[in-house]
Amino acid sequence: PAVTSPCKILKCNSEFWAATSGSHHLGTEEAPEFCTALRAYAHCTRRTARTCRGDLAYHSAVHGIDDLMVQHNCSKDGPTSQPRLRTLPPGDSQERSDSPEICHYEKSFHKHSAAPNYTHCGLFGDPHLRTFTDTFQTCKVQGAWPLIDNNYLNVQVTNTPVLPGSTATATSKLTIIFKSFQECVDQKVYQAEMDELPAAFADGSKNGGDKHGANSLKITEKVSGQHIEIQAKYIGTTIVVRQVGRYLTFAVRMPEEVVNAVEDRDSQGLYLCLRGCPLNQQIDFQTIRSAQATEGRARRKGPSLPAPPEAFTYETATAKCREKLPVEDLYFQSCVFDLLTTGDVNFMLAAYYAFEDVKMLHSNKDKLHLYERTRDLAPGNIAPLGTSPTPWVALLCLSQCWLGLL
């Protein structure tokens, strides 16, 4: 059965937005209507409180409600409203074109300054992580984990088991908090989960709010329910979120200056895109892949693991992945790994789209492909990047070849 989140904060947010669209233009005589909607919002959050522990969007909403109650002098006791359909005038009234220069990261650089260096992080599949330093890892990381945590934004993912009793996990929920920044944007929360990929922030808006630089933060829907892109120009950042099959993928392009903008880097907690997964959460991709090639089976070892919904042999998995990923790099190997461990062909598409996002977001086109060297290669003897690998013997550590090398 599909894993669904019992936390319904997105529903509460959208109902409040629907009930109060245009309410920031209300006169004082209409303030009671706003307070009524606000009480309904508070009631909705209380109903889902038990299932939203640790949910960043939920806690953001609760604090926001308290602030609005005070600002509008609303009583916590009184009638609550039923949400009405939100109607927007032609052309979103939030649209602004007069963003100050400080709200455009690249324009804020002086003409004679060095261009900013951009870097990339991505998470996809079972799950596979490409860090800002181009390290590639396969991790367990079940539950909630921070991907990014700096002075400008926070990204958290939740990974859940793909099959009951299996160690294979994939991303089922994603929360992004864009922190308020000068005269550019208000704090905005974006949240997606399985079968729900909104084309708006949690409050229903599609840009950074009411500040002059609001349009330096915008959401664009590329494919309904499957692909959204968030442009945060004030920090030179592009984020791509996709739903592929039942699960989510994440990719970001961010300036190194923003990546490293933390108060105290030495004492900062875990931040997967920067530091990678903890050692005890990393999967020995090479060893498991060798076992898969030897066994030709589509499941991980375990005393009571159920068979995947569709069985792939090593040969059929490699053939399937080669349809979309002709270069046998780590994206290709991740595809094979995921088909064997899950039996879900959508993981092939997740690897394919992850690489498509790398091609769009990575600033160094010579580093698009990543390869894993064998243990016999000395440090630095890495295959040339951006080219198809020579024999698997040199690059992919498959078990049959491995034994020959040993």
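Owing to the predicted nature of the structure, the values given are computational and were not obtained by experimental measurement.

### A word on the overall build of the protein
And then number 1: From N to C terminus, the protein includes 11 helices and 11 strands.
And then number 2: Taken over 406 residues, the protein has a buried fraction of 50%.
And then number 3: In the protein, once contacts between residues fewer than 6 apart in sequence are set aside, the share between residues at least 24 apart is 60%.
And then number 4: Summed over its atoms, the accessible surface of the protein is roughly 19300 Å², and 52% of this surface lies on carbon and sulfur atoms.

### Re the sheet that holds strand β10 (residues 237–244)
And then number 1: Taken in spatial order, the 7 strands line up as β3-β2-β1-β11-β10-β9-β8 in an open sheet, and their pairing is antiparallel. Of all strands in the sheet, those with a lone pairing partner are β3 (136–138) and β8 (217–223), marking the two edges. Here the strands of the sheet are splayed against their neighbours by 10 degrees on average, with no regard to which way each runs.
And then number 2: This element, helix α9 (residues 346–361), spans β1 (118–124), β2 (128–130), β9 (227–232), β10 and β11 (247–255) of the sheet and lies at about 165 degrees to β10.

### What about helix α8 (residues 330–342)?
And then number 1: End to end, α8 covers 18 Å across 13 residues, agreeing with the expected 18 Å (1.5 Å per residue, within 8%).
And then number 2: Here α8 starts with a cap whose side-chain oxygen sits 3.1 Å from the backbone nitrogen of Tyr-331, and that cap is Asp-329.
And then number 3: Downstream of α8 by a residue or two, Gly-343 has a phi angle that is positive, lying close to 75 degrees.

### Things to note about the pairing of β1
And then number 1: Within β1, 7 of the 7 residues are buried, which leaves it mostly tucked inside the rest of the structure.
And then number 2: Burial along β1 is two-sided: the residues Tyr-118, His-120, Gly-122 and Phe-124 and Thr-119, Cys-121 and Leu-123 are all buried.
And then number 3: Judged from the 6 bridges that link them, β1 and β11 form a sheet pairing that is antiparallel. Along β11, the bridge assignment pairs Gly-122 with Ala-251.
And then number 4: Note that β1 and β2 share 3 bridges and pair antiparallel. The residue of β2 that forms the bridge with Gly-122 is Arg-130.
And then number 5: Here β1 folds back onto β2, and the loop between the two strands holds 3 residues, one of which, Gly-125, carries a positive phi near 65 degrees.

### Description of the pairing of β11
And then number 1: Most of β11 sits inside the fold, with 8 of its 9 residues counted as buried.
And then number 2: Where β10 folds back onto β11 in an antiparallel hairpin, the turn is made up of 2 residues, including Gly-245, whose phi is positive at roughly 65 degrees.

### A look at the packing of α8 against α9
And then number 1: Contact pair α8 / α9: the axes reach a minimum separation of 8 Å and the direction vectors enclose 160 degrees. By the angle between their axes, α8 is roughly antiparallel relative to α9. Regarding α8 and α9, the two cross each other, and that crossing is right-handed. Every residue of α9 that contacts α8 at Tyr-331, Cys-335, Asp-338, Leu-339 and Thr-342 is listed here: Phe-347, Met-348, Ala-351, Ala-354, Phe-355 and Val-358.
And then number 2: Grouping the amino acids of the contact of α8 with α9 by side-chain chemistry returns 9 nonpolar, 1 polar and 1 charged.

### Describing helix α7 (residues 314–324)
And then number 1: Every buried residue of α7 is listed here: Tyr-314, Ala-317, Thr-318 and Cys-321. Down the axis of α7, the buried side of the element spans an arc of 95 degrees, and every buried residue falls inside it. Away from its buried face by more than 90 degrees, α7 exposes Glu-315 and Glu-323.

### Concerning the packing of α7 against α8
And then number 1: Between α7 and α8, the least distance of the axes is 9 Å, while the angle of their chain directions is 135 degrees. When the axes of α7 and α8 are compared, the pair comes out oblique. The interaxial crossing formed by α7 with α8 has right-handed handedness. On the side of α7, the interface is formed by Tyr-314, Ala-317, Thr-318, Lys-320, Cys-321 and Arg-322, while α8 contributes Phe-332, Gln-333, Cys-335, Val-336, Leu-339 and Leu-340.

### Here we look at the state of the cysteines
And then number 1: Inspection of every chain in the model, using the stated rule, returns 7 disulfides.
And then number 2: Residue Cys-103 pairs covalently with Cys-184 via a disulfide, S to S 2.0 Å. Residues Cys-103 and Cys-184 are joined through a disulfide that is left-handed, its torsion about the S-S bond being -95 degrees. A residue pair is termed long-range when its members are at least 10 positions apart, and Cys-103 in the loop between α3 (56–71) and β1 and Cys-184 in the loop between β6 (169–178) and β7 (188–193) qualify at 81 residues. You'll find Cys-103 and Cys-184 in the same group, each marked buried.

### Points about the environment of Ser-60
And then number 1: Mapped onto the elements of the fold, Ser-60 is located in helix α3.
And then number 2: With relative accessibility at 22%, the residue Ser-60 sits in the partly exposed group.
And then number 3: Separated by 117 residues in sequence, Ser-60 and Ile-177 place their C-alpha atoms 9.2 Å apart.
And then number 4: The contact partners of Ser-60, leaving out residues within four places of it in the chain, are Gln-187 and Val-189.

Reading the values: the criteria
- Note on numbering: residues in each chain are counted from 1, in written sequence order.
- Owing to the predicted nature of the model, reporting of local features is limited to residues with pLDDT of at least 70; listing and counting of side-chain atom pairs is limited to 80 or more, with chain, interface and lining totals taken over all residues.
- For side-chain calculations, the full set of non-hydrogen atoms in the structure is used, while hydrogens and water are omitted.
- Every helix listed is a DSSP run of H or I at least four residues long, and every strand listed is a run of E at least two residues long, numbered separately from the N terminus.
- Only protein chains enter the calculation, and the probe is 1.4 Å; a residue is then buried if its accessible area is under 20% of its type maximum, exposed if over 50%, and partly exposed in between.
- By the convention used here, residues are in contact when the closest approach between their heavy atoms is within 4.5 Å.
- Residue burial considers only the protein chains on display, and all accessible areas are found by Shrake-Rupley using a 1.4 Å probe.
- Strands are treated as partners if at least two bridges between them are detected by DSSP.
- Angles here are taken between N-to-C directions and fall from 0 to 180 degrees, while the axes themselves are lines fitted to C-alpha atoms, restricted in helices to the stretch in contact.
- Expected helix span is computed as 1.5 Å times (number of residues minus one).
- Pairing of N or O atoms within 3.5 Å defines a polar contact, subject to two protein rules: one partner must be a possible hydrogen donor and the other a possible acceptor, and residues neighboring in sequence count only if both atoms are side-chain atoms.
- Comment on the angle field: the value is read as roughly parallel under 35 degrees, roughly antiparallel over 145, roughly perpendicular from 65 to 115, and oblique elsewhere.
- In this scheme the handedness of a crossing depends on how the near helix is turned from the far one: anticlockwise by less than a right angle means left-handed, clockwise means right-handed.
- Under the scheme applied here, ten amino acids are nonpolar (Ala, Val, Leu, Ile, Met, Phe, Trp, Tyr, Cys and Pro), four are charged (Asp, Glu, Lys and Arg), and all others, including Gly, are polar.
- This arc is taken over the directions from the axis of the helix to the C-beta atoms.
- The rule for a disulfide is simple: a pair of cysteine sulfur atoms within 2.5 Å.

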